[in-house]
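A closer look at the structure
So you can see what is in the structure, the chains are spelled out below.
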Amino acid sequence: MGCTHDCSSCASDCKTGSENQSMKTQLNKKSKVRKVIAVVSGKGGVGKSTVTAMLASAMNREGFSTAVLDADITGPSIPKMFGIRDRALGSEDGILPAYTEMGIKVMSVNLLLENDTDPVVWRGPVISGTVNQFWSDVVWGDVDYMFVDMPPGTGDVALTVFQSLPIDGIVIVTSPQQLVSMIVEKAVNMAEMMNIPIIGVIENMSKFRCPECGREHSIFGESRLEETANRLGLQILAKLPIDSEFAKLADEGKSELFVCPEIDEAVNKIK
Ligand code: ADP
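The structure reproduced in this document is the subject of the present report. Since we're looking at a predicted model, the values are computed, not measured. (Residues numbered from 1 in each chain as written. Predicted model: local features only at pLDDT ≥ 70, side-chain atom pairs only at ≥ 80, totals over all residues. Heavy atoms only, no water.)

Comments concerning the environment of Gly124
What counts is decided by this rule: By the criteria applied, helices consist of DSSP H or I runs no shorter than four residues and strands consist of E runs no shorter than two, each listed in order from the N terminus. By definition, residues are in contact when any of their heavy atoms lie within 4.5 Å.
Relative to the elements of secondary structure, Gly124 occurs in helix α4 (residues 124–136). Sequence separation of Gly124 and Thr25 is 99 residues, and the distance between their C-alpha atoms is 17 Å. Contacts of Gly124, omitting those with residues within four sequence positions, involve Asp156 and Val157.

Notes on the packing of helix α6 (residues 180–193) against helix α7 (residues 225–232)
For clarity, the threshold we go by: What counts as an axis is a line fitted to C-alpha atoms, over the stretch in contact for a helix, and the angles between N-to-C directions run from 0 to 180 degrees. Here is the rule for angles: anything less than 35 degrees is roughly parallel, anything more than 145 is roughly antiparallel, 65 through 115 is roughly perpendicular, and the remaining ranges are oblique. By the definition used in this description, the sense in which the near helix is turned from the far one sets the handedness, with an anticlockwise turn below a right angle giving left-handed and a clockwise turn giving right-handed. Classification used: nonpolar for Ala, Val, Leu, Ile, Met, Phe, Trp, Tyr, Cys and Pro, charged for Asp, Glu, Lys and Arg, polar for all others including Gly.
The contact between α6 and α7 brings their axes to 10 Å, and the two run at 30°. Here α7 runs roughly parallel to α6, going by the angle between their axes. When you trace α6 past α7, the crossing you get is right-handed. The segment α6 lies against α7, with Ser181, Val184, Glu185 and Val188 engaging Thr228, Arg231 and Leu232. Residue composition of the contact of α6 with α7, grouped by class: three nonpolar, two polar and two charged.

Comments concerning the site of the ligand
Short version of the rule: Consider each residue's heavy atoms; a residue with any of them within 4 Å of a molecule or strand counts as near. Counting of polar contacts relies on pairs of N or O atoms within 3.5 Å, with two restrictions inside protein: one atom must be capable of donating a hydrogen and the other of accepting it, and residues adjacent in sequence are counted only when both atoms are side-chain atoms. The method behind every accessible area is Shrake-Rupley, applied with a 1.4 Å probe, and residues are considered shielded solely by the protein chains displayed. A pocket, in this scheme, is an open set of points on a 1 Å grid over the protein atoms alone with protein on both sides within 12 Å along at least 5 of 7 lines, while a cavity is a set where a 1.4 Å probe fits but cannot get out; residues line either one if an atom lies within 4 Å of a point. Whether a molecule lies in a cavity or pocket depends on its atoms, and more than half of them have to be within 2 Å of the grid points.
Around the ligand there are 15 residues in total, and Gly47, Lys48, Ser49, Thr50 and Asn204 lie nearest to it. The contact in question runs from an oxygen atom of the ligand to an N or O atom on the backbone of Val46, over 3.1 Å. Taking Asn204, its side chain carries an N or O atom lying 2.9 Å from a nitrogen atom of the ligand. Here the ligand, which alone exposes 560 Å², has 78% of that area covered by the protein. The cavity that encloses the ligand is the second largest pocket. Within the residue set of the shell around the ligand, elements represented by two or more residues are α2 (48–61) and α8 (244–251).

A closer look at the nonpolar core
Quick note on the threshold: Put simply, buried Ala, Val, Leu, Ile, Met, Phe, Trp, Tyr and Cys residues joined by side-chain atoms within 4.5 Å make one nonpolar core. Only protein chains enter the accessibility calculation, which uses a 1.4 Å probe. A residue is then buried if its area is under 20% of the maximum for its type, exposed if over 50%, and partly exposed in between.
Counting residues in hydrophobic clusters, the biggest one holds 80 residues, and the most contacted among them are Leu55, Leu69, Met146, Phe162, Ile170 and Ile202. Those residues in contact with Met146, other than ones at most four positions away along the chain, are Val33, Lys35, Val36, Ile37, Ala67, Leu69, Trp135 and Trp140.

A look at α8
Note the threshold: Taking the helix axis as origin, the arc is that swept by the directions to the C-beta atoms.
Regarding α8, the residues found buried are Phe246, Leu249 and Ala250. Taken end-on, α8 shows its buried residues confined to a sector of 100°, consistent with a single buried face. Facing away from the buried side of α8 by more than 90 degrees, the exposed set consists of Ser244 and Asp251. Along its buried surface, α8 packs onto α2 and α3 (78–81). Where α8 begins, the capping side chain belongs to Asp243, and its oxygen is found 2.9 Å from the backbone nitrogen of Glu245. Of the residues one or two after α8, Gly253 is the one with positive phi, at around 75°.

A short note on α6
Which entries qualify depends on this criterion: Working rule for helices: expected span equals 1.5 Å times residues minus one.
With 14 residues, α6 should reach 20 Å at 1.5 Å per residue; the first-to-last C-alpha distance of 20 Å fits that figure. Buried residues along α6 sit in contact with β1 (32–41), α5 (156–164), β8 (169–174), β9 (198–203) and α7. Immediately downstream of α6, the backbone of Asn195 shows phi near 60°, a positive value.

Notes on the sheet that holds strand β12 (residues 236–239)
Heads up, the condition is: Note on pairing: two strands pair once DSSP finds at least 2 bridges between them.
Taken together, the eight strands give an open sheet; going across it, the order is β5-β6-β2-β7-β1-β8-β9-β12, and neighbouring strands pair in mixed fashion. Strands with a single pairing partner mark the edges of an open sheet, and in this sheet they are β5 (98–99) and β12. Bridge count between strand β2 (residues 66–70) and strand β7 (residues 142–149): five bridges; the pairing is parallel. Considered in β7, the bridge of Leu69 is made with Val148. Its contacts with the sheet put α4 on β1, β2, β6 (105–107) and β7, and the angle it makes with β2 is roughly 160°. Relative to β8, α6 is tilted by about 170°, and along the sheet it contacts β1, β8 and β9.

Comments concerning the layout of surface pockets
Heads up, the rule is: Grid points are joined across faces, edges and corners, and a volume is the space filled by probe spheres set on the points.
In this structure, the second largest pocket spans a volume of roughly 280 Å³. Counting only elements with at least two residues in the lining of the second largest pocket, the list comes to α2 and α8. Here the lining of the second largest pocket is built from residues that sort into eight nonpolar, nine polar and three charged.

Examining the side chain of Ser41
Note that Ser41 resides in strand β1. A residue is classified by how much of its surface remains accessible, and Ser41, at 2% relative accessible area, is buried. When residues no more than four places from it in sequence are discounted, the contact partners of Ser41 are Val46, Lys48, Pro152, Gly153 and Val173.

Focus on the pattern of salt bridges
Let me state the cut-off plainly: Put simply, a salt bridge is a Lys or Arg side-chain nitrogen that is within 4 Å of an Asp or Glu carboxyl oxygen.
Across all of its chains, the model carries 13 salt bridges by this definition. One salt bridge in this structure joins Glu222 and Lys207, with 3.9 Å as the shortest N-O distance. Of the two residues, Glu222 sits in the loop between β11 (216–217) and α7 while Lys207 sits in the loop between β9 and β10 (208–209), which places them 15 residues apart along the sequence. Judged by its relative accessible area of 26%, Lys207 falls in the partly exposed class.

All quantities given are derived from atomic positions and should not be read as evidence of function.
Put into structure tokens, the structure is as follows:
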């Protein structure tokens, strides 16, 4: 009774709460992070990192101090999307995050590797430990919104991140294929098991608007998102089109130039 699912502010004296609390990794001492939002997808390649970069860019444009923690350790794409090539530097207080052109703070394993093509062939516990260190050892400073680009799927790294970081809410990214409803349901079940609220779902690559004829095409088949969202009680935050400009900007490291009304609307719902 009275549980807010936020053990840092909840007054209820439940066993699960104190157990959860004790499993949380301590944030770096010189940092204050107000909201932590995990961006998840049931499977790879649906545009989770693209959506993370878009959400962070839009939030930053709104004037909030924004950060991205790249927890996709074996497939890190955030630095490339923001055109960050520098290596991370250290200080007495910990590892310093890199900054994007417009001032978003970023930490990713790629900033620690000698070459960004070096593969990360680490076992699960080492990967989870690295994500924890990104929380405890990076001098994030003052952050209003931190977006965590989660590893795809519902595997052990995702589980550890959910257990050890104080995630305030989850955004699920999906694509319109039929298989997706089952995958979304897995992500929803995992969030429920971990007692983490789901903020909503973003359908990426929803439609393609032909620049020649102006007609919209459902490349991946008709979306069944409404049906799935209704059944699972999820809020739809946005439906994003397939847009070659998104892919081009991401490839060029200019993700901050993504401007998309659907994402601005999603950010308004997240705030
Ligand atoms: P994930 O993080 O889910 O593995 P990414 O965000 O890395 O997926 O996206 C995979 C590829 O698809 C990238 O090359 C990206 O630029 C492209 N992409 C993602 N979303 C869109 C979109 N809406 N329109 C066009 N290209 C996209």
